[in-house]
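Spelled out, the chains give:
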Amino acid sequence: MPTAAEQLVGFLAAQGIDRAFCVPGESYIALLDALHAHPRIDLVTAHSEGGAGFMAVADAKLTGRPGVVLVSRGPGACNASIAVHTAEQDAVPLILLVGQVERRDLRRRAFQEIDYTVMFNGIAKWVGEATDPDQVPELIARAYAMATGGVPGPVVLSLPEDVLAMPCTAPMLPATIARPAPPAPADTARLAALLRAAERPILLAGHAFEAPGGRDALLAFAEAWNLPVAVSFRRQDLFPNGHALYAGDLGLRNPDAQRTAFAEADLILALGTRLTDLTTQGWTWPAPGQRLVHVCAEPRFLGWQFPAELALAADARAVIAALAPEAATAPAARGAWNARLRALHLADCEVVPRTTPDGIAFAGVAKLVERALAPDAILTLDAGTFGAPFYRKVQWHPPQRLLAPVSGAMGFGVPAAVAAALRFPGRQVVCAVGDGGVLMTGAELAVAVARGASIKLLLSDNGSYASIRIHQERTHPGRVSGTTLENPDFLAWCRAFRVPVLAVDTDADLPALEAAFRAPGPLAAVVRTSLEAVLPRR
Ligand SMILES: Cc1ncc(C[n+]2csc(CCOP(=O)(O)OP(=O)(O)O)c2C)c(N)n1
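Residues numbered from 1 in each chain as written. Predicted model: local features only at pLDDT ≥ 70, side-chain atom pairs only at ≥ 80, totals over all residues. Heavy atoms only, no water.

Draft legend 1. Fine view of the overall build of the protein chain. Helix and strand counts for the protein chain stand at 20 helices and 18 strands. Over its C-alpha trace the protein chain gives a radius of gyration of 24 Å, about what one expects of a compact globule, namely 24 Å for 538 residues. Seen along its three principal axes, the alpha-carbon backbone of the protein chain occupies a region of about 70 × 65 × 45 Å. By sequence separation, contacts in the protein chain at least 24 residues apart represent 76% of the contacts at least 6 residues apart. On the protein chain, roughly 20700 Å² of surface is accessible, and the fraction owed to carbon and sulfur atoms is 57%. Averaging the locations of the 47 positively and 51 negatively charged side chains of the protein chain gives two centres separated by 4 Å. (Helix = DSSP H or I, 4+ residues; strand = E, 2+ residues; numbered from the N terminus. Rg over C-alpha atoms; globule rule 2.2 N^0.38 Å. Contact = heavy atoms within 4.5 Å. Areas by Shrake-Rupley, 256 points an atom, 1.4 Å probe, with all protein chains shown as cover. Lys, Arg positive; Asp, Glu negative; His and termini not counted. Charge placed at Lys NZ, Arg CZ, Asp CG, Glu CD.)

Draft legend 2. Focus on the nonpolar core. Core analysis: the biggest nonpolar cluster contains 59 residues, and Leu96, Phe120 and Leu457 have the highest contact counts within it. With residues up to four places along the chain from it excluded, the contact list for Leu96 reads Val69, Val71, Ala80, Val84, Phe120, Val155, Val156 and Leu157. Of all hydrophobic cores here, the second largest spans 37 residues; its members include Cys22, Leu97, Ile140 and Ala141. (Core = buried A, V, L, I, M, F, W, Y, C linked by side-chain atoms within 4.5 Å. Buried < 20%, exposed > 50% of the residue type's maximum accessible area, 1.4 Å probe, protein only.)

Draft legend 3. A look at helix H8 (residues 185-197). Between its terminal C-alpha atoms H8 stretches 18 Å, which fits the 18 Å expected from 13 residues at 1.5 Å a residue. Within the sequence span of H8, burial applies to Thr188, Leu191, Ala192, Leu194 and Leu195. For H8, the angular spread of buried residues about the axis comes to 160°, placing them on one side. Pointing more than 90 degrees away from the buried face of H8 are the exposed residues Pro185, Ala186 and Ala197. Looking at the buried residues of H8, the elements they touch are helix H9 (214-225), strand E10 (267-271), strand E11 (291-296), strand E12 (310-313) and helix H11 (316-323). (Expected span 1.5 Å × (residues − 1). Arc of directions from axis to C-beta.)

Draft legend 4. Just the sheet that holds strand E17 (residues 501-504), in detail. Strand order in the open sheet made by the six strands is E14-E13-E15-E16-E18-E17, with parallel pairing throughout. Since the sheet does not close on itself, it has two edges, and those belong to strand E14 (401-403) and E17, each with one partner. Each adjacent strand pair in this sheet contributes to an overall mean axis angle of 15°, direction not counted. On top of the sheet, helix H3 (residues 49-63) reaches strand E13 (378-381) and E14; it is set at about 155° to E14, its chief contact. (Pairing = 2+ DSSP bridges. Axes fitted to C-alpha atoms, helices over the stretch in contact; angles between N-to-C directions.)

Draft legend 5. Main features of the sheet that holds strand E3 (residues 67-71). Read from one edge to the other, the open sheet built from six strands follows the order E2-E1-E3-E4-E6-E5, with strand pairing classed as parallel. Whereas interior strands pair on both sides, the edge strands pair on one side only; in this sheet they are strand E2 (42-45) and strand E5 (126-129). Strand-to-strand twist in this sheet, taken as the mean axis angle between neighbours without regard to direction, amounts to 20°. Here five bridges tie E3 to strand E4 (residues 94-100), and the two strands are oriented parallel to one another. Along E4, the bridge assignment pairs Val71 with Val98.

Draft legend 6. Structural context of the site of the ligand. Of all residues adjacent to the ligand, which total 17 residues, the nearest are Thr385, Gly408, Asp435, Gly436 and Ser467. At 3.1 Å, a backbone N or O of Phe386 approaches an oxygen atom of the ligand. When contributions to the shell around the ligand are tallied by element, the ones reaching two or more residues are helix H16 (435-441) and helix H18 (466-475). (Near = heavy atom within 4 Å. Polar contact = N/O pair within 3.5 Å; in protein donor to acceptor, adjacent residues only side chain to side chain.)

Draft legend 7. The packing of aromatic side chains, seen in detail. Enumeration over the complete set of coordinates arrives at twelve aromatic pairs. Where Phe11 meets Tyr144, the ring centres are 5.8 Å apart and the plane angle is 80°; that geometry is what we call edge-to-face. Note that Phe11 is positioned in helix H1 (residues 4-14) and Tyr144 in helix H6 (residues 136-148), a separation of 133 residues in sequence. Seen in terms of ring centroids, Phe239 and Tyr246 are 6.2 Å apart; in terms of plane orientation they differ by 15°. Their pairing is stacked. We note that Phe239, like Tyr246, is buried. We note Arg274 situated over the ring of Phe301; from NZ or CZ to the ring centre the distance is 5.3 Å. (Phe/Tyr/Trp six-rings, centres within 6.5 Å; stacked < 30°, edge-to-face > 60°. Lys NZ or Arg CZ within 6 Å of the ring centre and 35° of its normal.)

The following block contains the structure:
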């Protein structure tokens, strides 16, 4: 008879889960053993639970299947919480399996015990705990359904050590995937009428198009209806940026001219997105009087700040499909409006070359990387000001992928690149990271090296937590507090991982950087980045 752990692993494999990420713990030895015996699941051992969790988030972004991460009780779960938060903010399906104390110790403040239903209540979609081995098939099936259904997100399953090792008599269950109902014909007709009547529409595309096939469906829909497309926060790779209909992203703060134009739209079609503070430019857009159609798979995200003329709790792709028969009547002429949005986006992409005495202006480096990116490259970004030009200045062309944490979590970049390089060994994988973020989870480079996975690391060394320093200079000019970094010798540090290194100290080193990016194989390019170039001018 299988153990509960074996049943759980069997369920995951039956859903096509072929990889899981972990930091081992004595609290889930039986689960590790079940994986040892399993031929179809590759277990990737990381060096911190945050790293393992970020790898699982990135893998889920690339595959469309839930990322699976295994961690130990207490300290392990605490470290993993950053990935749970990121999966929630990024709308990524994630299953966090936590080895728990034995049942006799539950709720007795035993060694390393945490009540995960309390701990993760605010950030996970669902938290479960098995108190009997026969519950495990049901709970893992529920975890899977919760992570993948509606707006995807993180779930947590607490598994007491003794429960995992016990025989399980309950049968493995098939997976249930909840599909939101397609829109009613009357709603489809109303939406088509709104689209036909709109003179200055804009389509705001969000997480729902991350699902397999979503990008193609979005492109076909925008073209069929002649709709300019903006993407929600940090989802630049959803739509070909070179396309005449691409109008840019909703970022930390868009240029004023672009905000003015967006505010003149007479119809905002927000498809498959949650309207967050960032996407709405600080709750200012849609502005009063602008017509809003909001489509999101879960009704709990509709009607928050913005009254919608039409609010549909539906799958955005199903809505698009339902509109297809109406496309023959789509208006063709919105030339001036579309061209205006396009021109504003292109103006925003321009980089004015700059020479700075304290190092290289990083925006130029991002443009250099853009030139050297393969047509199917995957670029992962950590949080930091070095990332800004990748969001605003670089043009993304699917199937290129930009894996960036919507949550803004530092430490995401390197583990995400490791997961990407393992998933797609044939694709160019680039990780851009700051000197702050790289020392948080950069040790995960060891995983890539151990498995022969190739990453191009672009390390921006400016001796500062510059994003925060920028805020500091704005509010407290000249009073530098807590934001300076004393860095190690990064070239030696990267060499210690057996990664070939390249020092990029001045503009004269940039041609060598471009050549190294075009060459196959791993690389760590350490760029002496100018701080002056990003600090507010005094
Ligand atoms: C885990 C985490 N801790 C703190 C922050 C706040 N934060 C955002 S950006 C940043 C500085 C990033 O510094 P660095 O990696 O050196 O990049 P830079 O901004 O200098 O380009 C900090 C501390 C965060 N977003 N995530």
